[in-house]
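# Observations on the three-dimensional arrangement
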Amino acid sequence: MSTTTTPAGPPAISPTRTVKAWWQAAPFTLVFVVFFLIPLALTVMVSFWNFNEYELIPGFTLRNYAAIFEGCSTLTEHGDFCVSLSTYLSTLKFCLLVWAITLVVGFAVAYFLAFHVRSPGMQTLLFVLCTVPFWTSNVIRMISWVPLLGRNGLVNQGLMGMGVINEPVEWLLFSDFSVVLAFVHLYTMFMIVPIFNSMMRIDRSLLEAASDSGASSWQTLWNVIVPLSKTGIIIGSIFVITIVMGDFVTIGVMGGQQIASVGKIIQVQTSYLQFPLAAANAVILLAIVLMIIWGLTRLVDIRKEL
């Protein structure tokens, strides 16, 4: 008597596992909804409300969006853009400058830590040294530049003592230069960490193969290391761009309250209880940031690379 055996099929998925998976995701979903989706929906909703000096008036109006770019269809008599458009362009300018500088500095530091520091203990020590400034608040770190860059600061005094200049340099503090310098000081670490993480995942045999093929150090860097570090570069860029675009404290302190930014406008509007106008600016700023992030994520599939 012969017996026939049927091939075993894939194990049936127990419905209890699916339920457990959903329950595991439920707390994170709840946090995401409560702390992100609901505030975002409220901001979008309020941006379409009307208001006066005393109250918010629920309803639907495009007045707030029209007021932001009122008069921007034509240039001013001096050939300049309107205030709102100039402010957005100024914010994008700071964002681009800070992104470029932090990318160069962050890539150089990450490259040194990943390929020139062999000891894991030394890498950890150097990382800790890089994070030392984060042990104090951003405001204290920004204020620490004042004794260095001020009119009577150490830099001006040193340059005058060496005879390089005859009078103090005014643009060192409360200027575009000081704002960019503070941004780079505060946020370069956000570029270093993801790039370093990508570089540590690079197979060192690829570098040896490039060297054996006669590639120079610069060719290896450009054709091997940079493409394989693209994920870290994109993630670091997203961190820096999103932070700089919405920052208003750094520009306020290091710009001497003389330089405008979109974040500063939103902060001023909320202080004057102009919440619908502030919400409209926030929605526009969010849309710009999301478009930038969307463009960056087109360069590499972050979900696939991580």
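Above: the structure in question.
Residues numbered from 1 in each chain as written. Predicted model: local features only at pLDDT ≥ 70, side-chain atom pairs only at ≥ 80, totals over all residues. Heavy atoms only, no water.

### Notes on the overall build of the protein
Across its full length, the protein carries 16 helices and two strands. By sequence separation, contacts in the protein at least 24 residues apart represent 68% of the contacts at least 6 residues apart. When the accessible surface of the protein is totalled, it reaches about 19300 Å², and 69% of it is carbon and sulfur. (Helix = DSSP H or I, 4+ residues; strand = E, 2+ residues; numbered from the N terminus. Contact = heavy atoms within 4.5 Å. Areas by Shrake-Rupley, 256 points an atom, 1.4 Å probe, with all protein chains shown as cover.)

### Details of the layout of surface pockets
Considering only enclosed or pocket space, the largest pocket measures out at about 420 Å³ in volume. The wall of the largest pocket is formed by 16 residues, among which Leu40, Thr43, Ala282, Val283 and Leu286 lie closest to the centre. Grouping the constituent residues of the lining of the largest pocket by class yields 14 nonpolar, two polar and no charged. Volume-wise, the second largest pocket comes out at about 270 Å³. Where the lining of the second largest pocket is concerned, the elements lending two or more residues are helix H3 (83–115), helix H10 (204–212) and helix H11 (217–228). Top element by residues in the lining of the second largest pocket is H10. It accounts for four residues. Of the residues assigned to the lining of the second largest pocket, the class counts are five nonpolar, four polar and three charged. (1 Å grid on protein atoms, 1.4 Å probe; cavity = no way out; pocket = protein on both sides within 12 Å on 5 of 7 lines; lining within 4 Å. Points joined across faces, edges and corners; volume = space filled by probe spheres on them. Nonpolar A, V, L, I, M, F, W, Y, C, P; charged D, E, K, R; others polar.)

### Comments concerning the packing of helix H14 (residues 262–271) against helix H15 (residues 275–297)
In contact at an axis separation of 8 Å, H14 and H15 are set at 160° when each is read in the N-to-C sense. Taken together, H14 and H15 sit at an angle that is classed as roughly antiparallel. For the pair H14 and H15, the crossing hand works out as left-handed. Contacts from Val262, Ile265, Ile266, Gln269 and Thr270 of H14 reach H15 at Phe275, Leu277, Ala278, Asn281, Ala282 and Leu285. (Axes fitted to C-alpha atoms, helices over the stretch in contact; angles between N-to-C directions. Parallel < 35°, antiparallel > 145°, perpendicular 65-115°, else oblique. Left-handed = near helix turned anticlockwise from the far one by under 90°.)

### Examining the nonpolar core
General note: in soluble globular proteins, nonpolar side chains tend to be found buried as a group. Judged by nonpolar contacts, the single largest core of 64 residues is most densely connected at Ile195, Met199 and Ile225. Top contributing element to this core by residue count: H3, with ten residues. Those residues in contact with Ile195 that lie beyond four places of it in its chain are Leu103, Gly106, Phe107, Ala110, Gly232 and Ile233. (Core = buried A, V, L, I, M, F, W, Y, C linked by side-chain atoms within 4.5 Å. Buried < 20%, exposed > 50% of the residue type's maximum accessible area, 1.4 Å probe, protein only.)

### Description of the pattern of salt bridges
Summed over all chains, the structure comprises two salt bridges. Lys93 is the salt-bridge partner of Asp176, the closest N and O atoms lying 2.9 Å from each other. With Asp176 in helix H8 (residues 176–187) and Lys93 in helix H3, the pair connects residues that are 83 residues apart, well separated along the chain. Classification of Lys93 as partly exposed rests on a relative accessible area of 34%. We note a salt bridge from Arg151 to Glu170, for which the minimum N-O separation is 1.9 Å. (Salt bridge = Lys/Arg side-chain N within 4 Å of Asp/Glu carboxyl O.)

### A closer look at unusual backbone geometry
As a rule of thumb, non-glycine residues mostly have phi less than zero, and peptide bonds are mostly trans rather than cis. One non-glycine residue, Phe174, lies in positive phi territory at about 55°. Among the secondary structure elements, Phe174 is positioned in the loop between helix H7 (154–161) and H8. Judged by relative accessible area, Phe174 falls into the partly exposed class, the value being 40%. Although it is not a glycine, Leu273 adopts a positive phi angle of roughly 65°. Residue position: Leu273 is located in the loop between H14 and H15.

### A few points about the packing of aromatic side chains
On inspection of all chains with the given rule, the structure shows ten aromatic pairs. In textbook terms, an aromatic cluster arises when at least three aromatic residues are bridged by ring pairs, as seen for Phe183, Tyr187, Phe190 and Phe239. A cation sits over an aromatic face here: Arg63 above Phe51, 5.0 Å from the ring centre. For Lys93, the ring lying beneath its charged end belongs to Phe94, and the centroid distance is 4.8 Å. (Phe/Tyr/Trp six-rings, centres within 6.5 Å; stacked < 30°, edge-to-face > 60°. Lys NZ or Arg CZ within 6 Å of the ring centre and 35° of its normal.)

Honestly, it's all geometry; don't read function into it.
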